[in-house]
Amino acid sequence: MPSPTFNLMPLLQLPSLDAALLDLQSRDIGEVLKEMFDEAAKSDAMADQEKAWADLMTRHAAGPLALSTDIALPHARTAAVKRIIFLAGRCGAGVAFDAQHPAVKLVFMVLTPKEQPAEYLQLVAALTARLRDPAVRARLLAAKNQNEFESVLSP
Amino acid sequence: MNDSFKRLQSAAPVEALTRGLVRLVKVRVWLAEHFAPSEWQITLFWAGVVGVLGGLTSIGFRELVSLLHYALTGSPAGIVESFDQLDTWRRLAIPTLGGFLTGVILLLGKRIARGRSTTDYMEAIALGDGRLSFRTSMTKSLAALCGIAAGASIGREGPMVQLSSMTASLTGRWRKLPVTSLRLLVACGAAAGIASAYNAPIGGAFFVAEIILGTIAMESLGPLVISAVAAALVVRGLSHASNLYQVPAFTFNSAWEIGPYAVLGLVAGSLAPLFLQTLRYAEKGFNRLKLPLLAKLTLGGAIVGVLAIRFPTVCGNGYSVTLAILKGQIVWESLALLVVFKWLATASSFGSGVPGGVFTPTLFMGASFGYLFGVGAHAIWPSLDPQAFALVGMGAFLAAASHAPVMAIIMLFEMTLSYDIILPLMCASTVAYFAAKSQMGESLYAEFLRRKAELDPENRMPEINLRQLVRPNPAVVSPGASFQEICNAFISTRINNLYVIDEKGRFLGVVSLHDIKAFLGQPDIATSVLATDILREEFPTISPDAALPDALAVFAESPIERIPVVAPDGSKTLIGSLSKNDLLVALTDVKHQKESRTVVTV
């Protein structure tokens, strides 16, 4: 539990998932990203696939995207989406993310419109707050379908 | 307390550090939200500091004058009183010695002064860049100290204002203020000097606003007022000062009495330019003698000494004599003689080059002529009071000499705290102003500035452009900076928008404190969020070559206090930032520059 003094977060509300791929087929982080992005591309909020992918890769190259040893958060701020696109992916066997994160099991992909930095921060803050609890992580890994996954993520 | 200590001990060092950091950021945000010191508040704060320093330097100068005067004459009394008690040869010797010492100090000062620098506060504010040389200011003030303590017929407000302005200039340079802010701060110093010299904060603020800045726009008047108030508070707190000229009450018996006062305004308006002209002639006359500086000042002192043998009241700035006139303690016959000798004494002190002011001598002249006029008026119209005419004469003479009737009215009212005279004072000062203006195109101060500008055209303030207002080295982070680094930057500098630049120094956008403040309590995101994730790219920028009004338009469109200044070559390289406050002050200056240029060319 976080210390009560650190409860500045106004709203720990997560947006609803655009998709949850609970059984990712890929075994390589690059492929995982592509697999999830292809799903994201189906969203009506996607305006320019090529640009969104390029922005995601640029951000991926820029710095840490892992929240913990087993959770990754690939994300990008891009002019190519009309609203926040938020997807979850799960890979029970674990995917090697980098040297420090050899077995990532949960992947959350976020594509944010450029002019919404505050909304993006809110999403990341809410997500990290929720995932801090090991029980939540375990239940997410055990969820049988998208509905259950989603209800664990935003109760 | 105990709990949090235990928690801190049990936490991993990194986490404890992060929490400490978060707490700091939260305090900073809380302070920013509740007290949010805007640019204006910061300006006013420094204006207050400069005011306090100005008050202290004025008290210091006054005390030093008394000390040196005591050392020279052996009398702790005022200058006129102690000269009255001196024997003949000392009345001659002391002002001569004072002139000599003044010359010695000015000569020594010339040796230690380095390079070209502005030496006068008025010049530094109106023509220069706000930089006042410490060495030359100290030299001038010390020289003035010797002259004044030895009885030179000159005002002590000059060096007081000089010292106060120099302190302000040093403060501003220490704070690395851009030109316009520095000039405003020096103006605040001048206002503080006048406010403390005359215990007149309103007059001090208006003197600088009306005469030197030429505007009473709130952007500049506000800081001047704060500075003047701070200075007056210091002086009142430390030296039990009260209003300078305590005068008896006057009655205004009939509305028709305003007529003679208007005539007095005309008389003062004709005599004040004459008074100033003779001072100028005296200066030219002394220069024509082609004497070395030391001999010239000694001669000036000796002339005052000779006059003092018969009339010791010519010594000093004329304050005590003015007070005696206002109280009706001098008969008009001796006043008529005294005014001539005092005129001569002031001309020799000023003409020989004793650094000092002519403000108090001007007041003396006004009081004398007002009183003499009043005696004449009283003979025809017995209900008229010559003392009231003396008081109104001071204001009218001051308005005519300085070409600043608003300041003259306020100053007189403030120095005497006599409301009875306000109607005749307003009327006579305004008439005197217009009379003097038609007779002589420029005031004492405008003429001084014009001559300075002619002598040294290169030293004239260049046209203010945006480049001069840019404050370099704003707080920046790279796009790869972590959330924690961003928090650090917000702690170390008091800003609301942190600029993000790439490795080539190009401006990419800002991280806004407003966006992130709600998430400061999330140590988890300290490393997972980077500047690039929360960057606002649509932030306005401006080129250093843009016109000032264009910059103003940018501020008008968005509620921000600072905009990033980027290279005009299209590379968007960040050069610095422009504050709204600096811009507004500069725009006020530009307006004044245009006006003063018109005056100069007339």
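Up top is the structure.
What you are looking at is a predicted structure, and each value in this text was computed from that prediction instead of being measured. (Residues numbered from 1 in each chain as written. Chains lettered and ligands numbered in written order. Predicted model: local features only at pLDDT ≥ 70, side-chain atom pairs only at ≥ 80, totals over all residues. Heavy atoms only, no water.)

1. A word on the packing of helix 18 (residues 405–416) of chain B against helix 19 (residues 422–439) of chain B
Residues and elements named next belong to chain B.
Thinking step 1. Packing of helix 18 against helix 19 leaves a shortest axis separation of 9 Å and a crossing angle of 150°. With respect to helix 19, the element helix 18 is oriented roughly antiparallel. The element helix 18 and its partner helix 19 pack so that their crossing is right-handed. Here Pro405, Ile409, Leu412 and Phe413 of helix 18 come into contact with helix 19, specifically with Ile422, Leu425, Met426, Ser429 and Tyr433.
Thinking step 2. Taken together, the residues of the contact of helix 18 with helix 19 sort by class into 8 nonpolar, 1 polar and no charged. (Axes fitted to C-alpha atoms, helices over the stretch in contact; angles between N-to-C directions. Helix = DSSP H or I, 4+ residues; strand = E, 2+ residues; numbered from the N terminus. Parallel < 35°, antiparallel > 145°, perpendicular 65-115°, else oblique. Left-handed = near helix turned anticlockwise from the far one by under 90°. Contact = heavy atoms within 4.5 Å. Nonpolar A, V, L, I, M, F, W, Y, C, P; charged D, E, K, R; others polar.)

2. Some words on the nonpolar core
Thinking step 1. Ranked by size, the top nonpolar core spans 124 residues in total, and within it B:Val208, B:Leu224 and B:Ile325 carry the most contacts.
Thinking step 2. Ignoring anything within four residues of it in the chain, the contact list for B:Ile325 reads B:Ile330, B:Leu335, B:Phe364, B:Ala367, B:Ser368, B:Tyr371, B:Gln387 and B:Ala390.
Thinking step 3. In this structure, A:Phe86, A:Val124, A:Leu153 and B:Val477 belong to the second largest nonpolar core, which totals 48 residues. (Core = buried A, V, L, I, M, F, W, Y, C linked by side-chain atoms within 4.5 Å. Buried < 20%, exposed > 50% of the residue type's maximum accessible area, 1.4 Å probe, protein only.)

3. Some thoughts on the sheet that holds strand 2 (residues 476–477) of chain B
Residue and element names in this part refer to chain B.
Thinking step 1. Ordered in space as 2-3-4, the 3 strands form an open sheet in which the pairing is mixed. Single-partner strands in this sheet number two, and they are strand 2 and strand 4 (507–512).
Thinking step 2. The pairing of strand 3 (residues 497–501) with strand 4 spans 5 bridges and is antiparallel. Following the sheet pairing, Ile501 is matched in strand 4 by Phe507.
Thinking step 3. In this fold helix 22 (residues 483–492) packs onto strand 2, strand 3 and strand 4, with an angle of close to 130° to the strand it touches most, strand 3. (Pairing = 2+ DSSP bridges.)

4. A short note on helix 5 (residues 146–153) of chain A
All names here are of chain A.
Thinking step 1. Every buried residue belonging to helix 5 is among Phe149, Glu150, Val152 and Leu153, and all of these are buried. The arc enclosing the buried residues of helix 5, seen along the axis, measures out at 160°, which places them on a common side.
Thinking step 2. Packed against the buried residues of helix 5 are strand 1 (19–21), strand 5 (85–95), strand 6 (104–112), helix 3 (117–131) and helix 4 (134–142).
Thinking step 3. Capping the start of helix 5, Asn145 holds a side-chain oxygen 3.3 Å from the backbone nitrogen of Asn147, two or three residues further along. (Arc of directions from axis to C-beta. Polar contact = N/O pair within 3.5 Å; in protein donor to acceptor, adjacent residues only side chain to side chain.)

5. Some points on unusual backbone geometry
Residue and element names in this part refer to chain B.
Thinking step 1. Although it is not a glycine, Lys176 sits at a positive phi angle of roughly 55°.
Thinking step 2. The topology assignment puts Lys176 in the loop between helix 8 (157–174) and helix 9 (179–198).
Thinking step 3. Despite not being glycine, Asn199 has its phi angle at roughly 50°, a positive value.
Thinking step 4. With respect to the element layout, Asn199 can be found in the loop between helix 9 and helix 10 (201–213).
Thinking step 5. A residue is classified by how much of its surface remains accessible, and Asn199, at 6% relative accessible area, is buried.

6. Digging into the packing of aromatic side chains
In this description, an aromatic ring pair is defined by two values, namely the gap between the centres and the angle between the planes.
Thinking step 1. Here the structure, examined in full by the defined rule, presents 17 aromatic pairs over all chains.
Thinking step 2. Ring plane angle 85° and centroid distance 5.8 Å describe the contact between B:Trp46 and B:Trp174, whose orientation is recorded as edge-to-face. Within this pair, whereas B:Trp46 is found in helix 3 (residues 39–73), its partner B:Trp174 is found in helix 8, the two being separated by 128 residues in sequence.
Thinking step 3. Relative accessible area serves as the criterion here: at 18%, B:Trp46 is assigned to the buried category.
Thinking step 4. Summarising the aromatic geometry, the rings of B:Phe373 and B:Phe389 are spaced 5.7 Å apart at their centres and angled 40° between planes, so their arrangement reads as tilted. With B:Phe373 in helix 16 (residues 359–380) and B:Phe389 in helix 17 (residues 386–402), the pair connects residues that are 16 residues apart, well separated along the chain.
Thinking step 5. Through pairs of rings, three or more aromatic residues link up here, namely B:Phe275, B:Trp343, B:Phe369 and B:Phe397.
Thinking step 6. Its end group placed over the ring of A:Trp53, A:Lys34 keeps NZ or CZ at 4.9 Å from the ring centre.
Thinking step 7. The cationic tip of B:Arg310 hangs over the ring face of B:Phe311; the distance from NZ or CZ to the ring centre is 4.9 Å. (Phe/Tyr/Trp six-rings, centres within 6.5 Å; stacked < 30°, edge-to-face > 60°. Lys NZ or Arg CZ within 6 Å of the ring centre and 35° of its normal.)

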